[in-house]
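Residues per chain are reported as follows:
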Amino acid sequence: MKNFRRFIRTAVLLTGVLMLSGLLLADAAQAQSSVRPPGQAAPLEEDSGPSNALGGASDADIWRQIRGAEDMGGPDLPAAPGRNVPLYEDLMRELQGGIAGGTSSTAANSRLIQMLGEDWRHIRRDYILPYAGWVLAGVLGLLVVFRLIRGKIRIEAGRSGKYIPRFSMAHRIAHWYLAASFIIMAITGLIILLGRPLLAPYIGKDATAIMASASLQGHNLFGPVFILALLIMIFRFMKGNFFQWADLKWILKGGGLLGGHASSNHYNFGEKTWYWIVVIVGLIMSATGMLLLFPWVTDVLAWHQISTVLHAGGAILLIAIALGHAYVGSIGMEGSIDSMLRGEVDENWAKEHHDLWYEEVTGKKVDHKTGAIAQANPEAAE
Amino acid sequence: MTEAATTAVNTLLAQTDSDIASYLEACVHCGECAEACHFYQATKDPKHTPTYKLQPLVKAYKRHKAPLRGVLSILGLTPPEVTEDELREWEPLVYDSCTMCGRCTLVCPMGIDIAGTIRKMREGYAAAGIVPEGLTRARENVERTSSPMGVTAKALLAQVKRQKAETGLEIPVDQDGVDYLAIFSSHEIMASPEIIGGYAKIFKKAGVTWTLSTAAYEATNVGVQIGFGPLARDLVKRIVDEAERLGVKYVIAPECGHAYGAIRWAGPNLIGRPFKFEVIHIVELLDKLRREGKIPPGKKDSRKMTLHDPCQLIRRGGVLKEPRRLLSDSASNFVEMKGAGIANLCCGGGGGVSANERAEELRLKAFEQKLKQIDDIGDIETIVIPCANCRGVFEDGLDEYESDYEVIGLGELVAETLRED
Amino acid sequence: MTLLEFVEGPFFYFSAAVFIVAALWRLVGIIRIGRKKDIAPARGSAVTGFFKGNLRHFFPRGLFAQRTWMHLLGGYGFHLGLFALLLFAAPHIAFAERLFGIELWPAMPRWAFIIAAEISFAGLIVLWVRRFSDPVMRLISDWDDHVGSWLTFLVMLSGCLALQEAHDSLRILHMGLVNIWLIYFPFSRLMHSFTFFLSRGATGAVYGRKGMNP
Ligand code: SF4
Ligand code: SF4
């Protein structure tokens, strides 16, 4: 009761703060005057050209127009006088042949337009953007379906009320440290990636621009924090995460998610796979992210293009699995969250989900038919 | 609010001076202190976190005394009234799970004196009569005989007689016109009376005039342990009156940590005036005599020894170097334990915990930590402990864990290693 | 008046006034409770002890630091990073110079800002993670601890999100949160940034009187 009241108070205060900030943001987004060049931008020279030479259109709009305003989601601009609409396609066709232009840029491979960039743009826009949203929506849908069919995975024998230590303080800090920075990276990253198609139609371009600017700064800032957290996690959790024989059997039994029992050690096959995915994809994310953060490291454009593609793809993969991980670790399975909050788990939980580990740490044998049930303690159930 | 709760809260608030208030205000709930407390270390139970033990006081303070509480209470942000149930729930934490050792203060980034604050909390508890049985019994004993173990003047005289016979030395009793009045803790009088003979030997050698008194021989101050101010004052007053009647220049506090603090640091504040004599701890006195060359050391004891640092003497009393100087003259094979000195672990039985039977299990658990610290040195034969209460706790604990270290007092060791003429 | 002018003008002045008045009120209130004079003969100086205590508790003791080094690292990282950001971030100095109309110290370069921010965020996250995943911390923490951490986090975060300095609304968000934080500060445990001086000093003075140099 006491805790509940405290919780309510905290929640009310926090919501108040968040609402107020939301209001400020929304209100400010209304003001057209709120966009100015970045603080560090070089000042435009006064006489750099006739003002309004390009009409009311922004650079982006003009490029969009050159490209024929295909699927941009932007407003259809009236064709500029004297300009062919399929100009862009023609241009591309011409360039495919590899006409060498007189350019001094090595990066552009002495072409006027670097063709890879066009492929990259297509991959991003035709595959990554649409599928990213669908993959994440799909994972959420799957979780809902799973919940409806399988329900919450309970501790079958009930809680024993006795706890055995599972994760040390160092493990928990490593885990939550990574989790916290991951959440920040994921949210800001998704806004950067999907803000234009998903947010702009609803909150408008100005607000999207603001959120994108904020997310970009946040993403760049927390990137190194994420890398640090990742490295800590990799070392902390390496022990026990190498594959073992029991894992094969675990796979054959479908991990017990669909019912039945699958034996496992300290970590089961799913957790181990998750660990290695985080290690490998996380490191890729870190490397590609650092390259995007410090683009001058190389001037081979292909590296940058591959990086953005890998970075986006890896992000979607990690976020998708993280959703499932978070679900099973919290509301999806009774007793799981204890391991990361208290650092210890209920004995019966250990017997049911990590029997081999349980036997190892306690020196007792698990009898899957009667053992756990016989020792259930009804009073300990919440 | 029940009457007991009202009394307790009122006393707690009256005890909260600006020092205590700043402690309660400054705690950032960082939890560092847990790692320092032997009770938490031994049990890993979060409720033994030092700052958590203060909770009822914190609540009362925030509700009734903290600045800006008016604004906060309008918003409903002040804590509810402390209830008697709550006070009772916390009572074991206040009495059993704090030896007032002050170790947590060392690690606290805010420098919060939990021990001193617990002492004030006990005032509130004692005023409301919420006190563990063991301590109540000790208090009754004191009121009857002036000693928590029920040691009477007659018992003292009997021990004196025996020591006279054993040492063949004069042991003055109730003599005025001398320089020093020696007082003891009941544990010493009953369990290690050799120290009385030891004093006789040392003082004779140093040419120091001294006496015992049948009116004031007990140094243990149960009032301080329970947190009962009036009783603490009476006990101090008894010694002060007698010392001033005899006209001594010094009162020698015995090898008992909290008895030293009670008379040396709390004493004048309890009776509300400075003493007409000085209080000196026996270890300080021995060190002084040694440096003046009055008690030259003789053949050193060659057993492998280590020193336990009694919290109230070392950490909270400030007598840090003296025991070590004396030891280096008296022992040839002395080793420090890991973490020795100001941050050493408590034995687990100070602050009245050893007099409180309910706390026995917890105290023994805490002692296990201490024992491990000593086991880790390896091959120790003897532990020198300049505190009678710690010695008692050690003897109990060593017995429980079937360990056969020998436990001796520092005065005893000095007396044994005096240069023979 | 635009919203930006409001949060940087009247709203800010109001919050700053609340901050100063309430914080002083609270500090003076604590001191005014008073204490009895200690009449036990001193072995050392209480005043020296007061300051020594304050210095001494800035640093952990080796023996204990081994056990909670992660926490200590987080604590130092967060606080040092925060002070660097607060005092040396270019926009902060510009703001203060505009406010007081005097020239202040030079700002730190952008890379230093980024590093300070990284460190203090890393530290704050470690502290907060420990707060909700360690049984001891869960027991002793109350809503004030969490609100304080979150508000500070949001203030820092919004500040960093506005780093591009291209959108007024992000600046408004940051200043708005700063104002809320300023108002919350004196009523909460955030006050430890001032009360630590009193509590360390109190202990230091007692120890100083006893002639100790712990
Ligand atoms: S004073 Fe000693 S016993 Fe009391 S809480 Fe602090 S460390 Fe624990
Ligand atoms: S170490 Fe000090 S500030 Fe931290 S929780 Fe303990 S008493 Fe409070």
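Higher on the page you've got the structure.
A brief look at the structure comes next. (Residues numbered from 1 in each chain as written. Chains lettered and ligands numbered in written order. Predicted model: local features only at pLDDT ≥ 70, side-chain atom pairs only at ≥ 80, totals over all residues. Heavy atoms only, no water.)

Some remarks on the nonpolar core
(1) Moving on: Membership of the largest hydrophobic core comes to 163 residues, with the highest contact counts inside it found for F222 of chain A together with F121 of chain C.
(2) Moving on: Among the elements that take part in this core, helix α5 (residues 169-237) of chain A stands out by supplying 25 residues, more than any other.
(3) Moving on: Leaving out residues up to four positions away in the same chain, F222 of chain A has contacts with I184 and M185 of chain A together with F121, I125, F153 and L157 of chain C.
(4) Moving on: Formed by 71 residues, the second largest nonpolar core is a distinct cluster that contains L156, I183, I195 and I295 of chain B. (Core = buried A, V, L, I, M, F, W, Y, C linked by side-chain atoms within 4.5 Å. Buried < 20%, exposed > 50% of the residue type's maximum accessible area, 1.4 Å probe, protein only. Helix = DSSP H or I, 4+ residues; strand = E, 2+ residues; numbered from the N terminus. Contact = heavy atoms within 4.5 Å.)

Thoughts on the interface of chain B and chain C
(1) Moving on: Of the residues lining the interface, 64 residues belong to chain B; the matching set on chain C comes to 52 residues.
(2) Moving on: With both chains or domains summed, chain B and chain C bury close to 4,800 Å², and 61% of this area falls on carbon and sulfur atoms.
(3) Moving on: Broken down residue by residue, the surface that chain B buries against chain C is led by H29, L68 and W265 of chain B, which jointly contribute 14%.
(4) Moving on: If you look at where chain B meets chain C, you find 3 salt bridges.
(5) Moving on: The residue E284 of chain B makes a salt bridge to R43 of chain C at a minimum N-O spacing of 3.3 Å.
(6) Moving on: Sort the elements by how many residues they give to the side of chain B that touches chain C and helix α2 (residues 18-26) of chain B lands first, with 7 residues.
(7) Moving on: Tallied by class, residues from the side of chain B that touches chain C come to 31 nonpolar, 16 polar and 17 charged. (Buried area = accessible area lost by both parts, 1.4 Å probe. Salt bridge = Lys/Arg side-chain N within 4 Å of Asp/Glu carboxyl O. Nonpolar A, V, L, I, M, F, W, Y, C, P; charged D, E, K, R; others polar.)

Some words on the pairing of strand β3 (residues 250-253) of chain B
Residues and elements named next belong to chain B.
(1) Moving on: Residues Y250 and I252 line one face of β3 and the alternating positions V251 and A253 line the opposite face, and both faces are buried.
(2) Moving on: As judged from the 3 bridges shared by strand β1 (residues 180-182) and β3, these two strands associate in the parallel manner. Bridging from a neighbouring strand, A182 pairs with I252 of β3.
(3) Moving on: As judged from the 4 bridges shared by β3 and strand β4 (residues 278-281), these two strands associate in the parallel manner. Residue pairing in the sheet places Y250 in a bridge with E278 of β4.
(4) Moving on: Handedness of the crossover is the feature at issue here: the chain leaves β3, passes through helix α16 (residues 257-271), returns alongside β4, and the resulting connection is right-handed. (Pairing = 2+ DSSP bridges. Right-handed = clockwise from strand over helix to strand, strands pointing away.)

Some details on the site of ligand 1
(1) Moving on: Around ligand 1, the neighbouring residues are C37, H38, P50, K53, C98, T99, M100, C101, G102, C104 and A115 of chain B.
(2) Moving on: For the shell around ligand 1, the class distribution of residues is 7 nonpolar, 3 polar and 1 charged. (Near = heavy atom within 4 Å.)

Notes on the packing of helix α19 (residues 360-375) of chain B against helix α20 (residues 388-400) of chain B
Axis angle and axis distance: for two packed helices, these are the angle between their axes and the distance between the axes, and together they describe the pair.
Residues and elements named next belong to chain B.
(1) Moving on: Close contact between α19 and α20 brings their axes to 10 Å; oriented N to C, the two are set at 85°. Comparing their axes, α20 and α19 come out roughly perpendicular. On α20, the residues touching R363, L364, F367, K370, L371 and I374 of α19 are V393, F394, D396, G397, L398 and E400. (Axes fitted to C-alpha atoms, helices over the stretch in contact; angles between N-to-C directions. Parallel < 35°, antiparallel > 145°, perpendicular 65-115°, else oblique.)

Looking at empty space enclosed by the protein
Residues and elements named next belong to chain B.
(1) Moving on: Scanning the model with the defined rule gives 4 cavities of 30 Å³ or more in all.
(2) Moving on: By volume, the largest cavity is sized at about 100 Å³.
(3) Moving on: Lining of the largest cavity is provided by 13 residues; of these, Q312, G350, C387, N389 and C390 occupy positions nearest its centre.
(4) Moving on: Elements with a minimum of two residues in the lining of the largest cavity: α16 and α20.
(5) Moving on: Looking at the lining of the largest cavity residue by residue, the class counts come to 6 nonpolar, 7 polar and no charged. (1 Å grid on protein atoms, 1.4 Å probe; cavity = no way out; pocket = protein on both sides within 12 Å on 5 of 7 lines; lining within 4 Å. Points joined across faces, edges and corners; volume = space filled by probe spheres on them.)

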